[in-house]
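# Fold and contact review
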Amino acid sequence: VQLQASGGGLVQAGGSLRLSCAASGGTFSRYAVGWFRQAPGKEREFVARIWRSGDRTSYADSVKGRVIISRDNAKNTVYLQMSSLKPEDTAIYYCAASSTVILSASARGNAYEYWGQGTQVTVSS
């Protein structure tokens, strides 16, 4: 499956963005999808994850209450709605997909086989 992340941009603190991860080349409903981010000089970190049918979601503590992950399997797309953005949310955001990841490992980047190219989110103070 190929993934295309989009929707990043420059936003002021307190603002909102919606990221999209569009998939092609596979049966999208078979894949769990995660969002990860990497800030300059920092390691990649987990942001959120949605299970194959969309009935299970998980969030990093750093974004909980400010981010909602959702999916539309008919459109082969996963969304990451981010609000109350903070300068520390500045990073490149990547979506990743896996048909084999197990629930207990779904916050680990190395559990995902397919990755999108990333979209830059910059939050100014």
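The following paragraphs examine the structure supplied in this document. These figures come from a predicted structure and were not determined experimentally.

### Digging into the pattern of salt bridges
- The final tally for this structure, using the stated rule, is four salt bridges.
- Across the pair arginine 37 and aspartate 89 runs a salt bridge whose closest N-O atoms are separated by 2.9 Å. Separated by 52 residues along the polypeptide, arginine 37 in strand 4 (residues 32-38) and aspartate 89 in the loop between strand 8 (77-82) and strand 9 (91-98) bring together distant segments of the chain. In this pair, the class of arginine 37 matches that of aspartate 89, namely buried.

### What to know about the state of the cysteines
- This structure, assessed with the given rule, holds one disulfide.
- A disulfide bridge connects cysteine 21 with cysteine 95, and the sulfur atoms are separated by 2.2 Å. An S-S torsion of about 75 degrees defines the bridge between cysteine 21 and cysteine 95 as right-handed. Residue cysteine 21 is located in strand 3 (residues 17-24), and its partner cysteine 95 is located in strand 9; the two are separated by 74 residues in the primary sequence.
- We classify cysteine 21 as buried; its relative accessible area is 0%.
- Classification of cysteine 95 by relative accessible area gives buried; the value is 0%.

### A closer look at the packing of aromatic side chains
- On inspection of all chains with the given rule, the structure shows five aromatic pairs.
- Ring geometry for tyrosine 31 versus tyrosine 114: centroids 5.9 Å apart, planes at 80 degrees, classification edge-to-face. Taken as a pair, tyrosine 31 in the loop between strand 3 and strand 4 and tyrosine 114 in strand 10 (residues 114-115) lie far apart in primary sequence, 83 residues in all.
- On the accessibility criterion, tyrosine 31 (7% relative accessible area) is buried.
- Consider the rings of phenylalanine 36 and tryptophan 115, whose centres lie 5.2 Å apart with planes at 50 degrees: the pair is tilted. With phenylalanine 36 in strand 4 and tryptophan 115 in strand 10, the pair connects residues that are 79 residues apart, well separated along the chain.
- Three or more aromatic residues joined by ring pairs make a cluster, and in this case those are Phe36, Phe46, Tyr94, Tyr112 and Trp115.
- A cation sits over an aromatic face here: arginine 44 above phenylalanine 36, 5.9 Å from the ring centre.

### Considering the pairing of strand 3
- For strand 1 (residues 2-6) and strand 3, the ladder comprises five bridges, and the chain directions are antiparallel. Looking at the pairing, alanine 5 lines up with cysteine 21 of strand 3.
- Sheet topology note: the strand 3/strand 8 ladder contains six bridges and is antiparallel. What sits directly across from cysteine 21, in strand 8, is valine 78.

Definitions and cut-offs
Residues numbered from 1 in each chain as written. Predicted model: local features only at pLDDT ≥ 70, side-chain atom pairs only at ≥ 80, totals over all residues. Heavy atoms only, no water. Salt bridge = Lys/Arg side-chain N within 4 Å of Asp/Glu carboxyl O. Helix = DSSP H or I, 4+ residues; strand = E, 2+ residues; numbered from the N terminus. Buried < 20%, exposed > 50% of the residue type's maximum accessible area, 1.4 Å probe, protein only. Disulfide = S-S within 2.5 Å. Phe/Tyr/Trp six-rings, centres within 6.5 Å; stacked < 30°, edge-to-face > 60°. Lys NZ or Arg CZ within 6 Å of the ring centre and 35° of its normal. Pairing = 2+ DSSP bridges.

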